[in-house]
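Examination of the molecular architecture
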Amino acid sequence: MPTSFRHRPVLAAVLAGAGVLMAGAVQAQEAAAPAAVPGVAQGVAQGAAQGMSQGVAQGVPDAAAALASLPHDLSPWGMFVTASPVVQAVMVGLALASVVTWTIAIAKTAEVTSAKRKARAALEMLEEARSLSQAAERVGFSQGTAGALVRAVLAETHMSADAPSRDGLMDRAASRLERIEAAAGRRMARGTGILATIGSTGPFIGLFGTVWGIMTSFIGISKAQTTNLAVVAPGIAEALLATAIGLVAAIPAVVVYNACSRAIGGHKAQLTDASAAVLRLLSRDIDRHALPRPHAVPGHGVQGHAAQAHGNSRAAE
């Protein structure tokens, strides 16, 4: 028997053993693979848990420190104390403007009320008078704008006593009365321009404080590296307080300005009525040829009337 035929059974046995070994190795790898995957997952989970615990451990002190630095008094005074210097300056300026507003309101209320009461009484006397001499006896030498009107017409009448014609007397008297009315209106409106300024600029000044405060708050957020609402809210509240104070200063200023304008307009109307009453008396005296003589009123001559009327006009202006 040839040699090749004698070794064939041995080769077959070797090949069969090799196949068995390979199959066993594949099964071992398949069995080991599922066990390796849970190990890796477990390692990843443990690493993530450790990272989160370390982050929380580091974040807790930062949050505690941020909360510890927050202002505990969030009342208006507490927010003013903790605000930035610029915002504090804005709040103080608006508070002073509010004080000025109420001071002018009280002063103008008393002034306009007194002037309107005097003008009303003088107008009643002028309506009852029948001539300039009678009006001068009643209101001509009293204090007030109505008395100044009568004195001005008397002075012009006395200064025009030697004029050949009486045609221009009414125009000259009306010119004097018009200037006295204008001077009284300017005097009565003195101080109301401040109210208009406060009413128009107060909200914008408060808005400037708000913008500055919010900008400071965002700068603090960038430094603290946190966007926690508890950290941001106090700064924003302080900034908005400036806008609130601006509105508190501006709204009363606008209301008081409008009220003063209406009251002063009513007083000017009273002065216009008084001027018309004086001109009517002058026209009657001209038609009657009964103009007051230089010494018609005892103790007050031409020079005395002229000097007194000139002094009243200068004082009114």
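This report concerns the structure included in the present document. These numbers come from a predicted model, not from an experiment. Note on numbering: residues in each chain are counted from 1, in written sequence order. Per-residue local features of the predicted model are confined to residues with pLDDT of at least 70, and side-chain atom pairs are confined, for both listing and counting, to 80 or more; whole-chain, interface and lining totals are unaffected and use all residues. To get the side-chain values, take all heavy atoms of the structure and skip hydrogens and water.

**Observations regarding helix H7 (residues 192-224)**
- The end-to-end C-alpha separation of H7 is 48 Å, in line with the 48 Å expected for 33 residues at 1.5 Å each.
- At Thr 201, H7 shows its largest bend, some 40°, and a proline, Pro 203, comes one to four positions later.
- Buried within H7 we find Thr 192, Leu 195, Ile 198, Gly 199, Gly 202, Gly 206, Gly 209, Thr 210, Gly 213, Ser 217 and Ile 221.
- Secondary structure is summarised from DSSP: a helix means a run of H or I of at least four residues, a strand means a run of E of at least two, and numbering begins at the N terminus for each. Count one or two residues on from H7 and you reach Gln 225, which has phi positive near 55°. To estimate how far a helix should extend, the number of its residues minus one is multiplied by 1.5 Å. Here the bend at each residue means the angle between axes fitted to two seven-residue stretches, the one ending at that residue and the one beginning there. Partly exposed residues are those whose accessible area sits between 20% and 50% of the maximum for their type, while under 20% is buried and over 50% is exposed, using a 1.4 Å probe and protein chains only.

**Section: the nonpolar core**
- Formed by 26 residues in total, the largest nonpolar core has its most connected members in Leu 126, Leu 132, Val 150, Val 153, Val 278 and Leu 282.
- By size, the runner-up hydrophobic cluster in this structure holds seven residues, among which are Ala 83, Val 87, Leu 241 and Ala 242. Residue types Ala, Val, Leu, Ile, Met, Phe, Trp, Tyr and Cys, when buried and joined through side-chain atoms within 4.5 Å, form a set referred to as a nonpolar core.

**Re the side chain of Ser 160**
- Tracing the chain through its elements places Ser 160 in the loop between helix H5 (145-159) and helix H6 (169-188).
- Owing to a relative accessible area of 6%, Ser 160 belongs among the buried residues under this scheme.
- Definition of a polar contact: a pair of N or O atoms within 3.5 Å, with one able to donate and the other able to accept a hydrogen when the atoms are protein atoms, and with sequence-neighbouring residues admitted only if both atoms are side-chain atoms. In terms of polar contacts, Ser 160 uses its side chain to reach the side chain of Arg 172, at 3.2 Å.
- A contact between two residues is defined here by any heavy atoms of the two lying within 4.5 Å. Those residues within four positions of Ser 160 in sequence are excluded, and the remaining contacts are Arg 166, Leu 169 and Arg 172.

**Focus on a nonpolar patch on the surface**
- Only residues above 30% relative accessible area that lack a salt bridge enter a patch, with like-charged residues linked at up to 9 Å and the nonpolar side chains Val, Leu, Ile, Met, Phe, Trp and Tyr linked at up to 5 Å. To measure how exposed things are, a 1.4 Å probe is used in the Shrake-Rupley method; for residues, cover is taken only from the protein chains shown. Only one rule defines a salt bridge in this text: a Lys or Arg side-chain nitrogen within 4 Å of an Asp or Glu carboxyl oxygen. Side chains of Phe 208, Trp 212, Met 215 and Ile 219 sit close together on the surface and give an oily, nonpolar patch of about 370 Å² of accessible area.
- Tracing the chain through its elements places Ile 219 in helix H7.
- The class for Ile 219 is partly exposed, based on a relative accessible area of 44%.

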